[in-house]
Amino acid sequence: MCDASNFAIGAVLAQRVDGALHVIYYASKTLDSTQANYTTTEKELLAIVFALDKFRSYLLCSHVVVFSDHAALKFLLMKPDAKPRLIRWILLLQEFDLGIRDRSGKENLVADHLSRIERDLDHMTIDDNFRDEQIFRCMEKGIGDRMPIPRLAIGTPAEVTHPEALRAALAEFFSTFIFVFAGRGSVIAFEKMAGGSVSSPEGLVLTALAHAFALFAAVSTASNVSGGHVNPAVTFGALIGGHITLPRSILYCIAQLLGSSAACAVLGYSIGGLDAATFGLAAGVSPLRALVLEAAMTFGLVYTVYATAADAKRGAIGPLAIGLVVGANILAGGAFDGAAMNPALAFGPALVRWAWKDHGVYWAGPLAGGGVAGFFYEYFFTPNTFQPISSVNF
């Protein structure tokens, strides 16, 4: 039984005999100034880590049930963008045969009381080292000396029915709808007002700006819920890098395709035509050349996503940088194949108009480019080290 307050954590080790709990051990610890600034979830998880460290000799090779009054801990394993500290603690929990059950503070009185006892600060840190795992530090001697370790997260089929995953998929649906509706709608509006082709210089500039602004808004609206992929190629790149599980990536892709289709259906009904919004190859551009072009542009897009949004050391300009690189790529490749860089963006108009000529280019190219970008950034530019880290460093 574990509990945490704003200034201390408490734990009780008990064993159930004939239906009654018999206490074996009590423990509590005052939080230092750094730990006191943790979020509620982090404090509750720290209490569990503290209990496992304190009672380790009793718990190894036994089934352990942890009672905590913070239900969010049960779903922490499915959190897509957890902090490195939480990830380390989660890995530590996997050393034990562990189950977490929710119990309110009034039903967990002893642990709740221990977490409210403020004593002199104990400077002994909580040991969160991996004792029974063969984990070695990878020395970074250079790209050629590093052996990439596969990090694909397979996940479980039950994940697609989890409320958090469904909320994230819904966010992907709406953000993709916003992006496709604004981006392709601007193309249709330009051709209607100017009577010219979007492949003209002014049309290309307008298309680039519209898609850059729309993607900036779409990624920003979904980033706090789903990560703001808005693109099956980005989702595939995240899967290659181990940032998303396979079931959730499939759920995201389905939501993105549905969002694009819904946006194009609304555009087709309200405006009356999607000819200008449908992607196609320019004269003299072969499917193979277009595939390579799409792969190269999507590589730049997904690499930017990793560097500005997925990397733990990222800045705060992720959505803006992603929108800008899409706009720049449209200026570079829009005159040749439309510069989709997004299978969902090409899928919606093709489905509504039922125009599938050269459509495979807009799947094979982006997925190849996104996968290569995810692989290279994750395995060659993301630190691949595991070493004991004291909690006082956080």
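This text goes with the structure placed above it.
In this report, the structure presented in the accompanying data block is examined. (Residues numbered from 1 in each chain as written. Predicted model: local features only at pLDDT ≥ 70, side-chain atom pairs only at ≥ 80, totals over all residues. Heavy atoms only, no water.)

Some words on the overall build of the protein chain
Item 1. A tally of helices and strands in the protein chain yields 12 helices and five strands.
Item 2. The buried share of the protein chain, reckoned over its 394 residues, is 46%.
Item 3. Counting only contacts in the protein chain whose residues sit at least 6 apart along the sequence, the fraction spanning at least 24 positions is 79%.
Item 4. Total accessible area on the protein chain stands at roughly 19,300 Å², and carbon and sulfur atoms take up 63% of it. (Helix = DSSP H or I, 4+ residues; strand = E, 2+ residues; numbered from the N terminus. Buried < 20%, exposed > 50% of the residue type's maximum accessible area, 1.4 Å probe, protein only. Contact = heavy atoms within 4.5 Å. Areas by Shrake-Rupley, 256 points an atom, 1.4 Å probe, with all protein chains shown as cover.)

Quick notes on helix α7 (residues 232–240)
Item 1. Burial runs high along α7: seven of the nine residues are buried.
Item 2. P232, A233, V234, T235, G237, A238 and L239 are the residues of α7 that are buried.
Item 3. Buried positions along α7 lie against α8 (246–271), α9 (287–310), α11 (343–353) and α12 (361–381).
Item 4. The N-terminus of α7 is capped by N231, whose side-chain oxygen sits 2.8 Å from the backbone nitrogen of A233.
Item 5. Backbone geometry just downstream of α7 places G242 in the positive-phi region, at approximately 80°. (Polar contact = N/O pair within 3.5 Å; in protein donor to acceptor, adjacent residues only side chain to side chain.)

A look at empty space enclosed by the protein
Item 1. Applying the stated criterion across every chain yields a total of three cavities of 30 Å³ or more.
Item 2. Its boundaries defined by the atoms lining it, the largest cavity holds a volume of some 70 Å³.
Item 3. In terms of lining residues, the largest cavity is bounded by F179, H211, L215, N231, L301, V326, I330, A339, A340, M341, N342 and L345.
Item 4. Taken together, the elements giving at least two residues each to the lining of the largest cavity come down to α6 (201–222) and α10 (318–337).
Item 5. Tallied by class, the residues present in the lining of the largest cavity amount to nine nonpolar, three polar and no charged.
Item 6. Its boundaries defined by the atoms lining it, the second largest cavity holds a volume of some 60 Å³.
Item 7. If you trace the second largest cavity, you find it lined by L215, G228, H229, V230, N231, V234, L301, V305, I322 and N342. (1 Å grid on protein atoms, 1.4 Å probe; cavity = no way out; pocket = protein on both sides within 12 Å on 5 of 7 lines; lining within 4 Å. Points joined across faces, edges and corners; volume = space filled by probe spheres on them. Nonpolar A, V, L, I, M, F, W, Y, C, P; charged D, E, K, R; others polar.)

Regarding the packing of aromatic side chains
Item 1. Enumeration according to the criterion identifies 14 aromatic pairs in this entry.
Item 2. The interplanar angle of 85° and the centroid separation of 6.1 Å between the aromatic rings of Y303 and F381 together place this pair among those described as edge-to-face. Residue Y303 is located in helix α9, and its partner F381 is located in helix α12; the two are separated by 78 residues in the primary sequence.
Item 3. Classification of Y303 as partly exposed rests on a relative accessible area of 28%.
Item 4. Here F381 falls in the partly exposed class, since its relative accessible area comes to 44%.
Item 5. When the ring of Y377 is compared with that of F381, the centres are 5.8 Å apart and the planes differ by 40°; the resulting orientation is tilted. Linking Y377 with F381, this pair stays in helix α12, spanning four residues, or about one helical turn.
Item 6. Relative accessible area serves as the criterion here: at 9%, Y377 is assigned to the buried category. (Phe/Tyr/Trp six-rings, centres within 6.5 Å; stacked < 30°, edge-to-face > 60°.)

Section: the packing of α7 against α12
Item 1. Where α7 contacts α12, the two axes come as close as 7 Å, and the packing angle between them is 35°. In terms of crossing hand, the pair formed by α7 and α12 is right-handed. Contacts from P232, A233, F236, G237 and I240 in α7 reach P366, L367, G370, G371, G374, F375 and Y379 in α12.
Item 2. Classifying every residue of the contact of α7 with α12 gives eight nonpolar, four polar and no charged. (Axes fitted to C-alpha atoms, helices over the stretch in contact; angles between N-to-C directions. Left-handed = near helix turned anticlockwise from the far one by under 90°.)

Brief notes about a nonpolar patch on the surface
Item 1. Taken together, I154, L246, I250, I254 and L258 make up a surface patch of nonpolar side chains, about 460 Å² in accessible area.
Item 2. Looking at the element boundaries, L246 is found in helix α8.
Item 3. Owing to a relative accessible area of 35%, L246 belongs among the partly exposed residues under this scheme. (Patch = residues over 30% accessible without salt bridge, like charges linked within 9 Å, V, L, I, M, F, W, Y side chains within 5 Å. Salt bridge = Lys/Arg side-chain N within 4 Å of Asp/Glu carboxyl O.)

Quick look at the layout of surface pockets
Unfilled space is identified by rolling a water-sized probe across the atoms.
Item 1. Computed from the structure, the second largest pocket encloses a volume of approximately 490 Å³.
Item 2. If you list the elements that add at least two residues to the lining of the second largest pocket, you get β2 (8–17), β3 (20–30), α1 (40–54), α2 (56–59) and β4 (63–68).

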